[in-house]
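Architecture at a glance
Here is what each chain is made of, one letter per residue.
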Amino acid sequence: MIWNEAKECMSRDELEYLQSKRLVKVVDRVYHNVEFYRKKMQAMGIEPGDVNGIEDLHKLPYTTKDDLRDTYPFGLFAIPKSEIIRIHASSGTKGKATVVGYTRKDLEIWSECVARALVQAGVTRDDIIQVAYGYGLFTGGLGAHGGAEKLGAMVVPMSTGNTKKLTTMMKDFGVTAIACTPSYLLHIAEVLEEAGDIPNIKLKAAVCGAEPWTENMRKQIEEKLHINAFDIYGLSEVMGPGVACDCEYHKGLHVYEDHFLPEIISQDSLKPLPEGEVGELVFTTLTKEGLPLLRYRTKDLTSISYDKCECGRTLARISRFKGRSDDMLIIRGVNVFPSQIETALLEMSGTTPHYLMTVDRVNNLDTLEIQVEADGAYFTWDSSDREKFRKKVAHVIHNAIGLAAEIKLVEPKTLERSMGKAVHVIDNRKLV
Ligand code: DLL
């Protein structure tokens, strides 16, 4: 049985005892196996023996995405590479991907966590689930896939991209559950609606995440498709989808705290905040072998509650996300840092590093246009040379951010210069 399948959760005391035991072990492991942590702890005058339980968590150093970048690709791995059986990666800052590695046991625990989320969404082994997150280096596709297989449901590994095929299979196979981003599900709903196919589907549940969405969007999805929609959260550094998920009461996302120890900290003082206050979510992984992380700063803003949920689960709940404390955008499920564009432009000739991104949502699909200032010489070329160059810029930017964008080359000094922090992004998406 998947732990908590029957809501047989531990008491908070039992859970905290387990967390403490696991924390002591993970601190010892990273101290002895990861030079980065050993050096950091030594610089702070901490030894593994100083951490005897979760009450000592505050003594430990934080970890950031930049630390992963600086130790790229495998510098934070805590186990020989021969034990790593899978790699995933997400966007890093300043041009380097954030690489994460999993041992066999890590993959088993990941599947278990996603299976828990699916159970919370009412999915069972009798369901047919379409996984319409991207497969590949992104953790969404294979993460959801592993959890659905663990549960024993019938998995249709759709991935993203072919909505017509997806809706046809949804009808023909009698698909009962779907895992995809909420904006994509709204798009799917529109396609089904236009074809008059809503009465012809058997969908009953959706497990959506990977991007910000609102309670309103959740309700829209539920009403349009006559299903129950759930909010699943995760990040590749910590594991992937399945770090937390909401239950049928939709009063916050239950964090799988036996594996991921959460804290909410103040972005200014970096000190832990009391229950209920909004701050940055931080995780310490308690069981990961490949890439254990101490106090990883997610940059996601939320609050936490330790009250027992109406569903009976004792697991802490985080509220729907209030945004991020950095400039990361999530466009069509892909994490994009504007600085990646600047880095790419600086590395090529013929452009200046001045750019403006405009993000829109058309038919529930994100669109991205990027205006880039070209060198003056560009405007003296003939139109076919200009088009060739525009395509080159589009290719370079696509490679840098992992996402195709509509590129417009504009004359030097046309983009507004700011007196303060440069404005590089206009995000017109309205999360209603
Ligand atoms: O997005 C993992 C995932 C896949 C989660 C599928 C859920 C479903 P990353 O690409 O590393 O991993 O992006 C992680 O996405 O720090 C949040 O800012 C955002 N995010 C993820 N889930 C949610 C959610 C995957 N339910 C980043 N609500 C995180 C709001 C979310 N934001």
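Quick summary incoming for the structure in this document.

Running from N to C, helix α9 (residues 338-347) and helix α10 (residues 383-401) cross one another at 135 degrees; their axes reach a closest spacing of 9 Å. It follows that α9 is oblique to α10 by the angle criterion. When the axes of α9 and α10 are compared, the crossing they make is right-handed. Residues Gln340, Ile341, Ala344 and Leu345 of α9 form the contact with α10, whose participating residues are Val393, Val396, Ile397, Ala400 and Ile401.

For the rest of this paragraph, the subject is the environment of Gly136. If you trace the backbone, Gly136 turns up in the loop between β3 (128-131) and α5 (139-151). As a C-alpha pair, Gly136 and Tyr256 span 120 residues in sequence and 24 Å in three-dimensional space. If we ignore the near neighbours within four places in the chain, the residues touching Gly136 are His88 and Leu142.

Compared with an ideal rise of 1.5 Å per residue, which puts 13 residues at 18 Å, helix α7 (residues 182-194) spans 18 Å between its outermost C-alpha atoms and is within 8% of the ideal. For α7, the complete set of buried residues consists of Pro182, Ser183, Tyr184, Leu185, Leu186, His187, Ile188, Ala189 and Leu192. Just downstream of α7, Gly196 is the residue with a positive phi angle, here 65 degrees.

So, on to the sheet that holds strand β10 (residues 260-265). Spatially, the four strands line up as an open sheet ordered β10-β11-β12-β15, and their pairing is antiparallel. The open sheet has two free edges, formed respectively by β10 and β15 (323-324), since each of these has just one partner strand. Across four bridges, strand β11 (residues 279-285) lies against strand β12 (residues 296-302) in antiparallel orientation. Across the sheet, Phe283 pairs through a bridge with Tyr296, a residue of β12.

Okay, the side chain of Thr351 next. Residue position: Thr351 is located in strand β18 (residues 351-362). What makes Thr351 buried here is its relative accessible area of 9%. A distance of 3.4 Å separates a polar atom in the side chain of Thr351 from the backbone oxygen of Leu345. In this view, Thr351 contacts Leu345, Val372, Glu373, Ala374, Asp375, Phe389 and Val393; residues no more than four positions away in its chain are not counted.

On the surface, Phe74, Ile87 and Leu137 cluster together into a nonpolar patch covering about 250 Å² of accessible area. Here Phe74 shows up in the loop between α3 (65-70) and β1 (86-90).

Here the focus is the pattern of salt bridges. In total, this model carries 30 salt bridges according to the counting rule given. The salt bridge involving Asp67 is made with Lys40; its shortest N-O contact spans 3.7 Å. Here Asp67 is found in helix α3, whereas its partner Lys40 is found in helix α2 (residues 35-43), with 27 residues between them in sequence. Take Asp67: its relative accessible area is 12%, and that puts it in the buried class. The exposure class of Lys40 is partly exposed, given its relative accessible area of 28%. Arg320 is paired through a salt bridge with Asp231; the nearest N and O atoms lie 3.5 Å apart. Here Arg320 is found in the loop between β14 (317-318) and β15, whereas its partner Asp231 is found in strand β7 (residues 228-235), with 89 residues between them in sequence. Across the pair, exposure class does not vary: Arg320 and Asp231 are buried alike. Three or more residues are tied together by salt bridges with common partners; here these are Glu211, Arg361, Asp366, Asp427 and Arg429.

Conventions and cut-offs
- By convention here, each chain's residues receive numbers from 1 onward along its written sequence.
- For a predicted model such as this one, the threshold for reporting local features is a pLDDT of at least 70, and the threshold for listing and counting side-chain atom pairs is 80 or more; totals across whole chains, interfaces and linings nevertheless cover every residue.
- Side-chain calculation: all heavy atoms of the structure are included, whereas hydrogens and water are not.
- For every element, the axis is a line fit to its C-alpha atoms; helices are fit only across the contacting stretch, and the angle between N-to-C directions ranges from 0 to 180 degrees.
- Runs of E in the DSSP output that reach at least two residues are strands. Runs of H or I that reach at least four are helices, and both are numbered from the N terminus.
- For classification purposes, an angle smaller than 35 degrees is called roughly parallel, one larger than 145 roughly antiparallel, one from 65 to 115 roughly perpendicular, and anything else oblique.
- Helix crossings are classified by the rotation of the near helix relative to the far one: an anticlockwise turn of less than a right angle makes the crossing left-handed, while a clockwise turn makes it right-handed.
- Residues are treated as being in contact if the distance between any of their heavy atoms lies within 4.5 Å.
- Here, expected helix span is obtained from the residue count minus one, scaled by 1.5 Å.
- Summary of the burial criterion: residues with accessible area below 20% of their type's maximum are buried, those above 50% are exposed, and those between are partly exposed, where the area comes from a 1.4 Å probe applied to protein chains only.
- For two strands to be treated as a pair, DSSP must find no fewer than two bridges joining them.
- For this analysis, a polar contact is any N or O atom pair within 3.5 Å, provided that within protein one partner can donate a hydrogen and the other can accept it, and provided that sequence-adjacent residues contribute only side-chain to side-chain pairs.
- A patch consists of residues exposed above 30% relative accessible area that lack any salt bridge, with like charges linked at up to 9 Å and nonpolar side chains (Val, Leu, Ile, Met, Phe, Trp, Tyr) linked at up to 5 Å.
- The Shrake-Rupley method, run with a 1.4 Å probe sphere, supplies the accessible areas, and residue values consider only the shown protein chains as cover.
- We define a salt bridge as a side-chain nitrogen of Lys or Arg found within 4 Å of a carboxyl oxygen belonging to Asp or Glu.

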